[in-house]
Amino acid sequence: MLAVAVIMSATIILPAELESLLGRKAAIEGINVEQFALNTLRRAAELPTISELFSEAGANGGTQEPDSQAQAMLAVLARSAERLKDLQVSGETKDTLEMIRRAREGEMWGDESANPN
């Protein structure tokens, strides 16, 4: 069996801030921006879409009993967790984790004037 590779060429115009972000992340990885972008696109393309996840759960056309629907959804969630295990945490999630760490260390947030003690 002969394997055939299809080469696709695309030009993407990136906003300056995204280009800068890709450049910084590529430098951290020690690779060029093009390779970093290809790696990122490959990872994203391999992940299932929401539609694919829900179609897996409802493969029987929604005729499953509630308990088997729950089991199917749990299976989808387990597969999703496995596929996403190497996904880097960034953005608001990273900020949330930092807030949790700081709160555990004793920092408090909120309206202190609401509690006059």
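Coordinates for the structure precede this section.
The text that follows walks through the structure, step by step, so that each part is easy to find. Sequence order sets the numbering: in each chain, residues are counted from 1 along the sequence as written. Per-residue local features are limited, in this predicted model, to residues with pLDDT of at least 70; the limit for side-chain atom pairs, both in listing and counting, is 80 or more; totals at the level of whole chains, interfaces and linings are taken over all residues. To get the side-chain values, take all heavy atoms of the structure and skip hydrogens and water.

Each helix corresponds to a stretch of at least 4 residues labelled H or I by DSSP, and each strand to a stretch of at least 2 residues labelled E; elements are numbered beginning at the N terminus. Per the secondary structure count, the protein chain includes five helices and zero strands. Ordering the α and β elements of the protein chain from the N terminus gives α-α-α-α-α. It only takes one pair of heavy atoms within 4.5 Å for two residues to be counted as in contact. The contacts in the protein chain between residues at least 6 apart in sequence include a share of 25% that link residues at least 24 apart.

To count toward a patch, a residue needs a relative accessible area over 30% and no salt bridge; like charges are then connected within 9 Å, while nonpolar side chains (Val, Leu, Ile, Met, Phe, Trp, Tyr) are connected within 5 Å. Areas reported as accessible are Shrake-Rupley estimates using a 1.4 Å probe. Residue values count occlusion only from the protein chains shown. Salt bridges, as used here, are contacts in which a Lys or Arg side-chain nitrogen is within 4 Å of a carboxyl oxygen on Asp or Glu. A contiguous nonpolar patch, built from Ile12, Leu14, Leu18, Leu21 and Leu41 and spanning about 420 Å² of accessible area, is present on the exposed surface. Structurally, Leu18 can be placed in helix 1 (residues 16-29).

Any residue with an atom within 4 Å of a point lines the site, the site being either a cavity, points on a 1 Å grid over the protein atoms alone where a 1.4 Å probe fits but cannot get out, or a pocket, an open set with protein on both sides within 12 Å along at least 5 of 7 lines. Grid points are joined across faces, edges and corners, and a volume is the space filled by probe spheres set on the points. Empty space within the largest pocket amounts to approximately 1000 Å³. Taken together, 28 residues form the lining of the largest pocket, with Leu22, Phe36, Ala37, Thr40 and Leu41 sitting closest to its centre. Residue assignment for the lining of the largest pocket shows that the elements contributing at least two residues are helix 1 and helix 2 (33-46). In terms of residue count, the dominant contributor to the lining of the largest pocket is helix 2 (10 residues).

Right, let's get into helix 1. For a helix, the expected span equals 1.5 Å multiplied by the residue count minus one. For helix 1, with 14 residues, the first-to-last C-alpha span of 20 Å sits near the 20 Å given by 1.5 Å per residue. Looking one or two residues past helix 1, Gly30 carries a phi angle of roughly 75°, positive in sign.

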